[in-house]
Amino acid sequence: MLHLKERTGWSDVLVEEFQELYELEREQPIDYLTERLSILLDIDVDDEEFQQQDVDFLFDLINKYKWLDSAPPEQPKKTIQLNGLSLKLKPLNEITVGEFIDLNHLLEEPIRNVHEIAAILYKQYRANEWGHEIEEPYTYNLKERSEAFLELPITEIYGLIYQFSNWKEWIHQQYTHIFIDPEDLEEDFERDNLSEAEQAEIERAIEVERREAQWSWEFLLLNITQDRFEQIDTVLNMTIIFFFNFYSVKQYRDKKQAKV
Amino acid sequence: MLTVNYNNTLFELPSTFDELTVEQFEEITSIINQNTEETEKWSSILIYLGLPESALNHIQADDFIDIIKEYTTSFDTEAQLIEQIEVDGHIYEWTGGLTIKDLQLIEAAVRRGRFLLRSMAILYKRSDLSFKEHYEHAHIDHKMKLFKENQIKARLALWPLNIITEKVVKKIENATS
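Residues numbered from 1 in each chain as written. Chains lettered and ligands numbered in written order. Predicted model: local features only at pLDDT ≥ 70, side-chain atom pairs only at ≥ 80, totals over all residues. Heavy atoms only, no water.

Trainee: Any details on the packing of aromatic side chains? Residues and values, ideally.
Mentor: One pass over the full model with this rule turns up 24 aromatic pairs over all chains. Both rings, one in A:Tyr175 and one in A:Phe244, keep their centres 4.9 Å apart while their planes meet at 45 degrees; by these two values the pair is tilted. Here A:Tyr175 is found in helix α9 (residues 159-179), whereas its partner A:Phe244 is found in helix α13 (residues 240-259), with 69 residues between them in sequence. The class of A:Tyr175 is buried, set by a relative accessible area of 11%. A residue is classified by how much of its surface remains accessible, and A:Phe244, at 0% relative accessible area, is buried. Ring geometry for B:Phe131 and B:Tyr135: centres 4.8 Å apart, planes at 65 degrees, overall edge-to-face. Of the two residues, B:Phe131 and B:Tyr135 both sit in helix α7 (residues 131-135), four residues apart, roughly one turn of that helix. Among the aromatic residues, those joined into a cluster by ring pairs are A:Phe100, A:Phe164, A:Trp167, A:Tyr175, A:Trp217, A:Phe243, A:Phe244 and A:Tyr247. Above the face of the A:Tyr125 ring, A:Lys88 is positioned so that its terminal group lies 5.1 Å from the ring centre. Over the ring of A:Tyr140 we find A:Arg145, and its NZ or CZ is 4.0 Å from the ring centre. (Phe/Tyr/Trp six-rings, centres within 6.5 Å; stacked < 30°, edge-to-face > 60°. Helix = DSSP H or I, 4+ residues; strand = E, 2+ residues; numbered from the N terminus. Buried < 20%, exposed > 50% of the residue type's maximum accessible area, 1.4 Å probe, protein only. Lys NZ or Arg CZ within 6 Å of the ring centre and 35° of its normal.)

Trainee: Pulling in residues and values, what's your account of the interface of chain B and chain A?
Mentor: Taken together, the contact between chain B and chain A spans 20 residues of the former and 21 residues of the latter. The contact between chain B and chain A buries some 1900 Å² in all, and 60% of this surface belongs to carbon and sulfur atoms. At the junction of chain B and chain A, the tally comes to one salt bridge. Among the ionic pairs, B:Arg111 bridges to A:Glu27, the shortest N-O distance being 2.9 Å. There are eight residue pairs in polar contact (both at pLDDT 80 or more) connecting chain B and chain A. Sorting the residues of the side of chain B that touches chain A by element identifies α5 (100-112), α7 and α9 (154-176) of chain B as the ones contributing at least two each. Taken together, the residues that form the side of chain B that touches chain A break down as eight nonpolar, six polar and six charged. (Contact = heavy atoms within 4.5 Å. Buried area = accessible area lost by both parts, 1.4 Å probe. Salt bridge = Lys/Arg side-chain N within 4 Å of Asp/Glu carboxyl O. Polar contact = N/O pair within 3.5 Å; in protein donor to acceptor, adjacent residues only side chain to side chain. Nonpolar A, V, L, I, M, F, W, Y, C, P; charged D, E, K, R; others polar.)

Trainee: A description of the packing of helix α1 (residues 22-32) of chain B against helix α2 (residues 38-49) of chain B should follow, citing residues and the corresponding values.
Mentor: Residues and elements named next belong to chain B. Where α1 meets α2, the closest approach of the two axes is 9 Å, and the angle between their N-to-C directions is 160 degrees. Regarding the angle of α1 to α2, the classification is roughly antiparallel. In this structure, α1 meets α2 at a crossing whose hand is right-handed. Taking contact as the criterion, the partners of Glu-23, Gln-24, Glu-27, Ile-28, Ile-31 and Ile-32 in α1 are, on α2, Lys-41, Trp-42, Ser-44, Ile-45, Tyr-48 and Leu-49. Among the residues forming the contact of α1 with α2, the class breakdown is seven nonpolar, two polar and three charged. (Axes fitted to C-alpha atoms, helices over the stretch in contact; angles between N-to-C directions. Parallel < 35°, antiparallel > 145°, perpendicular 65-115°, else oblique. Left-handed = near helix turned anticlockwise from the far one by under 90°.)

Trainee: Describe the sheet that holds strand β5 (residues 125-126) of chain B, listing the residues and the values that go with them.
Mentor: All names here are of chain B. In spatial order, the strands read β3-β4-β5; together these three strands make up an open sheet with antiparallel pairing. Bordering the open sheet on either side are β3 (84-87) and β5, each of which pairs with just one other strand. Pairing analysis gives four bridges linking β3 to strand β4 (residues 90-93), with the strands arranged antiparallel. Within β4, the position partnered with Gln-84 by the bridge is Glu-93. (Pairing = 2+ DSSP bridges.)

Trainee: A description of the nonpolar core should follow, citing residues and the corresponding values.
Mentor: Counting residues in each nonpolar core, the largest one holds 129 residues, and the members touching the most others are A:Phe149, A:Phe243 and B:Phe147. Ranked by residues supplied to this core, first place goes to α9(B) with ten residues. Once residues lying within four places of it in the same chain are set aside, the contact partners of A:Phe149 are A:Val15, A:Ile80, A:Leu82, A:Leu87, A:His115, A:Ala118, A:Ala119, A:Tyr122 and A:Ile157. (Core = buried A, V, L, I, M, F, W, Y, C linked by side-chain atoms within 4.5 Å.)

Trainee: Give me the lowdown on the environment of A:Ile154, citing residues and values where you can.
Mentor: Residue and element names in this part refer to chain A. In this fold, Ile-154 is placed in helix α8 (residues 154-157). Remark: the alpha-carbon pair of Ile-154 and Pro-72, spanning 82 residues in sequence, is separated by 7.4 Å. What Ile-154 contacts, discounting residues up to four positions off in sequence, is Trp-10, Val-13, Leu-14, Val-15, Phe-18, Pro-72 and Val-114.

And the structure:
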C-alpha cells in the first residue's frame, strides 16, 4: 500500500522542495511529472509498488496536483518566525549598497537563491535606548540563516523575487544616467546606410553594454572612494538610494569641474 | 501482397499489416516521416520492400502512381488486442494495461524515434519473470531481437500503437497543457 503525503497547495511546499521541483529536467514529460510527484508526495520513483501502478493512477495524481503549474503567491510575508528568531522584511528603500550588490548577484538565479535573498531581506530589529527601532548589522552568518529559510513554506518568501526584481527595475530606470557617460558609447561608424533591423540590433548591443557598465560595482566603489580601500566598508553600509543620489551629485560636480 | 511486374519477374511486396513485420512497418513509417519529396519517399519504400532499384528507372510515372495508390489503399487498420504471443518457446502476455514503468520506458523509446518494437518488448511480458527482471534493459533488448528475428507481424503492434497514441499521448498533452 503506497503512503502518499497529502498536499493541498503551495503553502504545504517547503522552499527546498520548491527549488527541487524547479530544477527538474522538463524534456520528458512523464519523467518530469513523475519526479515532481515523487518530491511532493515522498514517493520513491524506483519503488516497484509505485512503478507497477496503472498509468491512470499516475494521471489522477497529476490532475489532483495541477496547482503545481501555477506560481505561488507574489506577496511575501512581512514578518517571519525562523528558528526562534523574529524577523521582519526590510523596507527596500533601506537596502544598503553591500546588500544590493549581493542581491543583484543572487537574482541571476532567483529561485535557486531565494533562501539567500530572504536571508538578506529579513532582519531582526530591536529598540535602542531612544526607543527607535534598529536593525541587526549585516554581519550574521548568511549561510546558516539562509539554510534555515529552506525549511519554510515557499509561500512565505516566494514573492521576494517579484518584489525585489520590480524594485531593482525601478532603480535601473531612476539612476541609469549616473553610471554611464553616453559619449563613451557613441558609435564610431555611419548608421545612415543601415536598415531599421540593423539599427535596432546596434541599439540593443549598446543597451547591453550600458547595463554592464552600470553594474560594474568594483569600478563604482573605487571611483567613489577615490581608490581608498579602507573607505569601502563605509560605502557598503550606506543605503543604496543615498549612494545613488550621492554618486549623481559627484558625477555632476566632476563633469562641471572638467569643463572648467 | 502487392505484385509488381518488372522485366517479366513478379515482385511481391508485403502490403498489409498481416504481411509486414513490425520492423518493416517502423522503417516505412520512418521513411514517410522524413522531410523529403513524396516520390523519393515512395521510391525508398518500394526499394526497402524488395523492388530492385533498377525497376524504378523503367516504371512509367503513371504506373508508379498506381502502385502507390494500390499500396496505400490496401491497409486495413483494424486493431485487436492479442493477449498472448509465443516466441521462441516462451509465452509473452499483455492484458492491455499500462504501468507507470511501462509508460516511462515507452516515453524514452518514443523520444529516441523507433519505439514500436521496443514498446512491444516492454508491454509483452513473460509471466515467469520478476518485475525487475522484466525491465532489465538487456532483457528488453534481447526480446526486441527475438521479436525481430521471429518476424512479429505489424498487426500485433496496432493495439499497442493505438494505446500509446490515443491514451497516453493525449493524457500527457492534457497533463502538460
